[in-house]
Number of protein chains: 2
Amino acid sequence: MKQISVMRSTLGRLPIYLEFLQGLDISENENISATVIAKSLGLGEVQVRKDLNAVSGAGRPKLGYRTDELIKRIYEVLGRNDIKKAVIIGAGKLGNALLEYNGFRDYGLLITAAFDIDESKAGITEAGKEILPLTQLEEYVLREGVRIAVITVPASSAQSICDRLVGCGIEAIWNFAPCALCVPEGVLLQQENLALSLAHLKLTMNNG
Amino acid sequence: MKQISVMRSTLGRLPIYLEFLQGLDISENENISATVIAKSLGLGEVQVRKDLNAVSGAGRPKLGYRTDELIKRIYEVLGRNDIKKAVIIGAGKLGNALLEYNGFRDYGLLITAAFDIDESKAGITEAGKEILPLTQLEEYVLREGVRIAVITVPASSAQSICDRLVGCGIEAIWNFAPCALCVPEGVLLQQENLALSLAHLKLTMNNG
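### Remarks on the overall build of chain A
Then, in step 1: If you tally the helices and strands in chain A, you get eight helices and nine strands.
Then, in step 2: Overall, chain A is about 60 × 50 × 35 Å in size when its C-alpha atoms are taken along their principal axes.
Then, in step 3: A buried classification covers 48% of the 208 residues belonging to chain A.
Then, in step 4: For chain A, the accessible surface area stands at approximately 10,000 Å², while carbon and sulfur atoms represent 52% of it.
Then, in step 5: Mean positive and mean negative side-chain charge positions of chain A (22 and 24 charges, respectively) differ by 7 Å.

Set out below in structure tokens:
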């Protein structure tokens, strides 16, 4: 499947467009324009036009986009036809919050299980997700073909977890532990710093 | 206090520099250079130089920065001398994870309490933070002089919570609910989309 590179901000708005388009009666809305979408959602027209252009090229003059084709393209760009499994290492409060979070499905991501060193946490969550003992990590990742992992363990054990993930073939890691991790070339690493968003807001407030 | 505008990525590294500088014996390290900091922390020298330049101007040729002044400047930019209180609305898994998260202190942010509509959640957490009934929100915010709030309630109640926050004088809102919020001019709003970081990682993986 062809994937294109879209800006993160565009990616953030695509599920909103999709929900709107899917709510339309296609028989009465065979075509749809950026203008109509912008007005219906209360968004800026220039922004909507730019977003749609990034995913589906310029619309046809006067007609705009074919609604069904636009839905299909947004689906493709969001990767909803290409579901990828991910696991979480560390079933503390944050790990559990992410395990329960529904928004990942919008982007074709399925968090299937969390692992924890504390075996007493093992079981099935209310939402039906598995929490497994950390000892089963490698076997699970290989068996289920998981390629993405989220690290929510304390900083002191993050690198050793990271090494184990790389060792069993994980290709992309999202790290919430407040420490820098080393990964070999070819493994994608994204560092999350939750405090930073709030810090940025605070500083903007001070400067405003 | 003078605040300057630094890039988000720089802001993310400042606590690392600060920890390193504070670990130095100042009597033996009166001056410190970007080169030494970069080598000690395994970071790129160009990046460190740029970061330090943003917070404290260019270092003196050959000498670099006065260690004590650099520490003071990083403190100022991080806003650690200007502690701001914040509250969380919604004491579900995510709200609790944020309430427990320690990294906010690095940026002079103190999350003092969480509020929940479910009064049975009221009490003191293991980390000593208060969870209060939502009915006490306005009184608490006014009494404690809170100006920052974090919304972690479901999308269906986020706008009404937002209106209540604005109504009692909150000036900056960090919204985790997956919906767009309306705030009056002068109120800062930052939308968080947790799924987006992982989605971005997934799409990068597909394109790689």
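### Looking at the pairing of strand β7 (residues 148-151) of chain A
Residue and element names in this part refer to chain A.
Then, in step 1: The side-chain alternation of β7 yields two buried faces, one formed by I148 and V150 and the other by A149 and I151.
Then, in step 2: As defined by bridge partners, strand β3 (residues 84-89) adjoins β7 across four bridges and the pair is classed as parallel. Paired with A86 across the strands is I148, a residue of β7.
Then, in step 3: In this fold, the crossover linking β7 to strand β8 (residues 172-175) by way of helix α7 (residues 155-167) has right-handed handedness.

### Looking at the environment of R8 of chain B
Then, in step 1: Mapped onto the elements of the fold, R8 of chain B is located in helix α1 (residues 8-22).
Then, in step 2: Relative accessible area serves as the criterion here: at 35%, R8 of chain B is assigned to the partly exposed category.

### What to know about the interface of chain B and chain A
In many reports, interface size means the accessible area that the parts give up when they come together.
Then, in step 1: In this complex, chain B contributes 50 residues to the contact, which on the side of chain A involves 49 residues.
Then, in step 2: For the pairing of chain B and chain A, the buried interface totals around 4,800 Å² over both sides, and the portion due to carbon and sulfur atoms is 70%.
Then, in step 3: Among the residues chain B hides against chain A, the three largest losses belong to L198, K202 and M205 of chain B. Together they make up 15% of the total.
Then, in step 4: Counting across the chain B and chain A interface gives two salt bridges.
Then, in step 5: We note a salt bridge from E100 of chain B to K93 of chain A, for which the minimum N-O separation is 3.0 Å.
Then, in step 6: For the pair chain B and chain A, the interface holds 16 residue pairs in polar contact (both at pLDDT 80 or more).
Then, in step 7: Contributions of two or more residues to the side of chain B that touches chain A are made by α1, α4 (67-78), α5 (93-100), β4 (109-116), β7 (148-151), β8 (172-175), β9 (188-191) and α8 (194-207) of chain B.
Then, in step 8: When residues in the side of chain B that touches chain A are grouped by element, the largest group, 14 residues, is from α8 of chain B.
Then, in step 9: In terms of residue class, the side of chain B that touches chain A is built from 27 nonpolar, 14 polar and nine charged.

### Re the sheet that holds strand β5 (residues 123-124) of chain B
Strand-to-strand pairing in sheets goes through backbone hydrogen bonds, with the strands running parallel or antiparallel.
Residues and elements named next belong to chain B.
Then, in step 1: Spatial ordering of the open sheet is given by β5-β6-β4-β3-β7-β8-β9, a layout of seven strands whose pairing is mixed. Lying at the two open borders of the sheet, with one neighbouring strand each, are β5 and β9.
Then, in step 2: Running over the sheet, α5 touches β3 (84-89), β4, β6 (130-133) and β7 and is turned about 155° from β4.

### Some points on the domain arrangement of chain A
All names here are of chain A.
Then, in step 1: When the domains of chain A are assigned, the result is domain 1 (8-78) and domain 2 (84-197).
Then, in step 2: When each unit is reduced to the centre of its C-alpha atoms, the spacing between domain 1 and domain 2 is 33 Å.
Then, in step 3: Residue-level contacts link five residues of domain 1 with four residues of domain 2.
Then, in step 4: Across the domain 1/domain 2 interface, buried area totals approximately 330 Å², and carbon plus sulfur atoms make up 48% of it.
Then, in step 5: On the surface where domain 1 and domain 2 come into contact, there are zero salt bridges.

### So, the packing of α1 of chain B against helix α3 (residues 45-56) of chain B
All names here are of chain B.
Then, in step 1: Two numbers describe how α1 lies on α3: the axes approach to 10 Å, and their chain directions differ by 95°. Between α1 and α3, the angle is such that the two are roughly perpendicular. Counted together, T10, R13, L14 and Y17 of α1 and Q47, V48, D51, L52 and V55 of α3 form the full contact between these two elements.
Then, in step 2: Along the lines of polarity and charge, the residues of the contact of α1 with α3 split into five nonpolar, two polar and two charged.

About the criteria used
Residues numbered from 1 in each chain as written. Chains lettered and ligands numbered in written order. Predicted model: local features only at pLDDT ≥ 70, side-chain atom pairs only at ≥ 80, totals over all residues. Heavy atoms only, no water. Helix = DSSP H or I, 4+ residues; strand = E, 2+ residues; numbered from the N terminus. Buried < 20%, exposed > 50% of the residue type's maximum accessible area, 1.4 Å probe, protein only. Areas by Shrake-Rupley, 256 points an atom, 1.4 Å probe, with all protein chains shown as cover. Lys, Arg positive; Asp, Glu negative; His and termini not counted. Charge placed at Lys NZ, Arg CZ, Asp CG, Glu CD. Pairing = 2+ DSSP bridges. Right-handed = clockwise from strand over helix to strand, strands pointing away. Contact = heavy atoms within 4.5 Å. Buried area = accessible area lost by both parts, 1.4 Å probe. Salt bridge = Lys/Arg side-chain N within 4 Å of Asp/Glu carboxyl O. Polar contact = N/O pair within 3.5 Å; in protein donor to acceptor, adjacent residues only side chain to side chain. Nonpolar A, V, L, I, M, F, W, Y, C, P; charged D, E, K, R; others polar. Axes fitted to C-alpha atoms, helices over the stretch in contact; angles between N-to-C directions. Domains from an automatic or database assignment. Parallel < 35°, antiparallel > 145°, perpendicular 65-115°, else oblique.

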